[in-house]
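Residue-level structure breakdown
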Amino acid sequence: MAGTNRRAPARGKRTAPRGTATSSRSSAPKRRFFDYPRSGFHGLHRWLPSWRFMVGTILAVGFLGAGAVAGAYAYTKVPDPADDTRAQTTTVYYANTDGSQGEVMGTFAAQKRQLVDYATLPPYVGQAVAAAEDKTFFTNNSGVSITGMGRALLNNLRGGATQGGSTLTQQYVERYYVDKTTTDYVGKFKETLLAIKIARKETKPQIMGRYLNTIYFGRDTYGIQAAAQAYFAKDAKDLTPSEAALLAGIIPSPNNWDPQVSPSKAEARWNIVLDSMEEEGWLAPADRAAMTFPLTVEYKRADSMGGTAGFLLEMVRNELKREPLALTDDEINRGGFRVQTTIQKPLQDAAVATANGFLDGTLLDQDGAAPPNPAIRVSVSSVDPRDGAIVALYGGRDYLTDQRNAVTYDKVQAGSTFKPFTLLAALQSGVSLTERFSGKSPQTLDGWDSTSKKVSNFGGTSFGNIDLVEATAQSVNTVYAQLNLQIGPEKTAEAAKQAGISTVVEPNAGNVLGSTSVRPIEMATAYATIAANGTRHDAFIVRSVTNPNQTVAFEHPDTSVQAFSPDVAADATYAMTQVVEKGSGKDWIKPLGRPIAGKTGTSTDNKSAWFVGFTPNIVTEVSLSQTGADGKAQDTITPFGKTKSGRTIEEITGATWPAFIWQSYMNVVFAQPPYAAVVDFPPRANVGSKPTTTPTQAPTETAAPTEAPTEQAPTEVAVPSGLEGKLEADATAAVVNAGLAANVVSEPSDTVTSGRVIRVDPKGGSTVASGSAVTLVISTGPKAQPTQQPPPQPTPTETAAAP
């Protein structure tokens, strides 16, 4: 063995067994399809795959992976934008006293956002955001960063703090299309594919613009426009480079880095953004050096539904949900509409200050006498009789505390405020103001509703044989009970309905004394019909609605209906002026020193008390009531305070605190320019018969006679010029202020906007007799759009939902 030249086989090399003919193909062992473990090898080599197998496997996996990615990319579809990214804030505005848009009343929003066009923003706004979030944004055409994602993945696998490697485009995809934060790797892979596809489909300005309109900036704001308003009280287009850098810097954590929360962190981020802008050539070094940290406005989280404005906003929402707009709550919250209301801010402030001041006992001449019972309810509302616009409304102290609107939800027993409806019905039936009735108290009347058939006057006071003027001035129950029985209670019920009372009034004899409980807004609407010479308008709060693209979605149409003849309204008005001149309104209302008509009202057991008064251009109702222990039923109002003459108030009547509140509020109203001028009512028309000079009788002694108006030659006045194209309310006011009567008619027009004057007859500049009627032809809009004209609304009130 030691001298042999035979070589041993190499380790691991395949050899044929002894005695085997290796050259014989037929005797070779059969090759396996998958030769593993490898035959013919021994030891470790038997288990190691060949290099050919390794290379083939790697290539196969690579090709399969590339195919899978290509397939996934091909099948990745760009989804519709997330719903919230398109949602815009609907903003509601007060009106100024001249009818123009006033300050913001409140907003409706799913997210507080207002979309802006990126092209309207200065270039440095987008550059600041790119400097803060992704400096490669404007040059990276793929939309992703492989190195950034790899670095983040490696850090996460090492157990470091979670990092993101997303580009601005990937963040845009996550917020604008996915609308949720993705943390798993599969989700990130899908977002990456979508970002690549978006980068090829959308331009850089499109991506940046939508990103700026989508992201959260803190202070409950979404999008650059809302953020600019919240932080700097300006539009995004007016931001300075310094302000843009601040907003860009806080994007990663806006609530924590808000300058009001952490000024040091906010300033540090601001410096980082400005330095990056300088490095990228977007900001000159000299400009950078001169910049100082910008000051932001103070932010206070507020619920727009809080306080008294909540009642107004709820009324606005309810009106937007009616025809013809018929918007849903979701459409209101996301639609981005601009809603112009009829509420005049100076009048609204006065109503709120007066009502709250009364409750607190702080009004002038109140002498600190505050209501002792917290269950007392106060309503104050004012309506423009020329079109039905609600110009002020106090529904309660705080909507968030109590959602019952005292004006539109509460039902308050009407009391003697119903007597004018009986008077209207009587005048329509041919009864004149000079007709006389016995004012004795009590009286037993056949047909009266009570078992005893007895009717008594307030305080048991008896009057002589008096006319309807005196009976109205002194609110004589026995006279009005006789009058109601004479004409028929059903006519009183119908007159109330025609005037604007939507609550069903039963046709019983007692309806003249206000046994029906009505919403205060109904009473304001009904008295506005009298003030408007017998023309009824539905009360409303939404003047117009504008779409986000500035097109008009809605303008309130003319809802006028001639409910009573002007002569009937004129006589009723004259009788109601005597309430102020010598009746229950003389103590508080007469000192205002101008023609005012109105009526006090007090219900049985003093469960309610009213004063509703008007001039030709404004109607205001004030009501007091008090809820019982259950919070629903009306209870007797707890008396408090003293009268103007110093007597202790033992029972709350319309002549006490309601009249006091009315004059306190209207003192401020009459100081406003649109209401400062003294406007006279139309002259007494003497419907039914000629006036008499027979003196009327006072309760205890003979009073001065009720004088008929002196016959005078009519004064010639000029019809106002330039009324064509004006709003109906403005044109009507001009005609009335000229001493003329406005007769409003409607017709369609393809050239004149709905609600504006088409023509005037007689023409402007013409000379006519004072008191003559001037016809104003008002446009209802084009004939081709009849849907803009809603059907007549049978209910003139805003009905609030039960809380």
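Structure: above.
No experiment lies behind these values; they were computed from the predicted model shown.

A word on the overall build of the protein
Helix and strand content of the protein: 24 helices and 25 strands. Looking at the 803 residues of the protein, the share that counts as buried comes to 48%. Taking contacts inside the protein between residues at least 6 apart in sequence as the whole, the part at least 24 apart equals 69%.

Thoughts on helix 16 (residues 419-428)
Structurally, the α-helix is built with 3.6 residues per turn, so residues lying three or four positions apart point the same way. The element helix 16 is largely enclosed, with a buried count of nine among its 10 residues. Among all positions of helix 16, only Lys419, Pro420, Phe421, Thr422, Leu423, Leu424, Ala425, Ala426 and Leu427 are buried. If you follow the buried residues of helix 16, they end up packed against helix 17 (468-473), helix 18 (477-487), helix 19 (489-499), helix 20 (520-531), helix 21 (566-582) and strand 18 (597-602). With its phi angle positive at about 100°, glycine 430 sits one or two positions after the end of helix 16.

Description of the nonpolar core
Counting residues in each nonpolar core, the largest one holds 84 residues, and the members touching the most others are Phe418, Phe421, Ile501, Met523 and Phe614. Ranked by size, the runner-up nonpolar core spans 45 residues in total, among them Leu212, Tyr231, Ala248 and Trp257.

So, the environment of asparagine 96
Locating asparagine 96 in the fold gives a position in the loop between strand 1 (90-95) and strand 2 (101-108). Residue classification places asparagine 96 among the partly exposed residues on the basis of a relative accessible area of 30%. Each C-alpha atom, one on asparagine 96 and one on lysine 345, is 6.2 Å from the other, the two residues being 249 residues apart in sequence. Contact partners of asparagine 96, with chain neighbours within four places excluded, come to Gln101, Gly102 and Gln344.

Thoughts on helix 22 (residues 657-669)
In this model helix 22 runs 18 Å from its N-terminal to its C-terminal C-alpha over 13 residues, within 8% of the 18 Å that 1.5 Å per residue would give. The buried fraction of helix 22 amounts to 11 of the 13 residues, a majority that puts the element mostly inside the structure. Listed in full, the buried residues belonging to helix 22 are Trp657, Pro658, Ala659, Phe660, Ile661, Trp662, Gln663, Ser664, Tyr665, Met666 and Val669. Residues of helix 22 that are buried in the fold lie against helix 15 (345-360), strand 6 (376-383), strand 7 (390-394), strand 19 (608-615), strand 20 (618-626) and helix 23 (673-676).

Brief notes about the sheet that holds strand 6
In sheet architecture, strand pairing relies on hydrogen bonds along the backbone and comes in two forms, parallel and antiparallel. Strand order across the open sheet formed by five strands is 7-6-20-19-18, with antiparallel pairing between neighbours. In this open sheet, the two edge strands, each paired with only one partner strand, are strand 7 and strand 18. Across the sheet, the mean angle from the axis of one strand to that of its neighbour is 5°, orientation sign disregarded. Pairing geometry for strand 6 and strand 20, over eight bridges, is antiparallel. Of the residues in strand 20, the one forming a bridge with serine 379 is serine 623. In the packing of helix 20 onto the sheet, contacts are made with strand 6, strand 7, strand 18, strand 19 and strand 20, and the angle to strand 19 comes to roughly 30°. Here helix 22 sits on the sheet in contact with strand 6, strand 7, strand 19 and strand 20, set at roughly 145° to strand 20.

Overview of the packing of aromatic side chains
A full pass over the atoms with the stated rule returns 16 aromatic pairs. Ring plane angle 75° and centroid distance 5.0 Å describe the contact between phenylalanine 137 and phenylalanine 138, whose orientation is recorded as edge-to-face. On the basis of relative accessible area, phenylalanine 138 is assigned to the partly exposed category, the value being 32%. On the basis of an interplanar angle of 90° and a centroid distance of 6.3 Å, the ring pair of phenylalanine 421 and tyrosine 527 is categorised as edge-to-face. One end of the pair, phenylalanine 421, is in helix 16; the other, tyrosine 527, is in helix 20, with 106 residues separating them in the sequence. You'll find phenylalanine 421 and tyrosine 527 in the same group, each marked buried. Counting every residue linked through ring pairs, the aromatic cluster contains Phe358, Trp588, Phe640, Trp657 and Phe660. Seen from the ring of phenylalanine 137, lysine 204 lies directly overhead, with NZ or CZ sitting 4.6 Å from the centre. Positioned over the ring face of phenylalanine 670 is arginine 594, at 3.9 Å from the centre of the ring.

A closer look at the environment of lysine 454
Secondary-structure assignment places lysine 454 in strand 11 (residues 454-455). Spatially, the C-alpha atoms of lysine 454 and threonine 478 are 9.1 Å apart, while their sequence positions differ by 24 residues. Residues contacting lysine 454, with those up to four places away along its chain left out, are Gln443, Thr444 and Trp448.

Details of the packing of helix 3 (residues 123-133) against helix 7 (residues 204-214)
Packing of helix 3 against helix 7 leaves a shortest axis separation of 11 Å and a crossing angle of 80°. In terms of orientation, helix 3 lies roughly perpendicular with respect to helix 7. Note on element contacts: helix 7 touches helix 3 through Met208, Tyr211 and Leu212, opposite Val125, Gly126, Val129, Ala130 and Glu133. Split by residue class, the contact of helix 3 with helix 7 holds six nonpolar, one polar and one charged.

Conventions and cut-offs
Residues numbered from 1 in each chain as written. Predicted model: local features only at pLDDT ≥ 70, side-chain atom pairs only at ≥ 80, totals over all residues. Heavy atoms only, no water. Helix = DSSP H or I, 4+ residues; strand = E, 2+ residues; numbered from the N terminus. Buried < 20%, exposed > 50% of the residue type's maximum accessible area, 1.4 Å probe, protein only. Contact = heavy atoms within 4.5 Å. Core = buried A, V, L, I, M, F, W, Y, C linked by side-chain atoms within 4.5 Å. Expected span 1.5 Å × (residues − 1). Pairing = 2+ DSSP bridges. Axes fitted to C-alpha atoms, helices over the stretch in contact; angles between N-to-C directions. Phe/Tyr/Trp six-rings, centres within 6.5 Å; stacked < 30°, edge-to-face > 60°. Lys NZ or Arg CZ within 6 Å of the ring centre and 35° of its normal. Parallel < 35°, antiparallel > 145°, perpendicular 65-115°, else oblique. Nonpolar A, V, L, I, M, F, W, Y, C, P; charged D, E, K, R; others polar.

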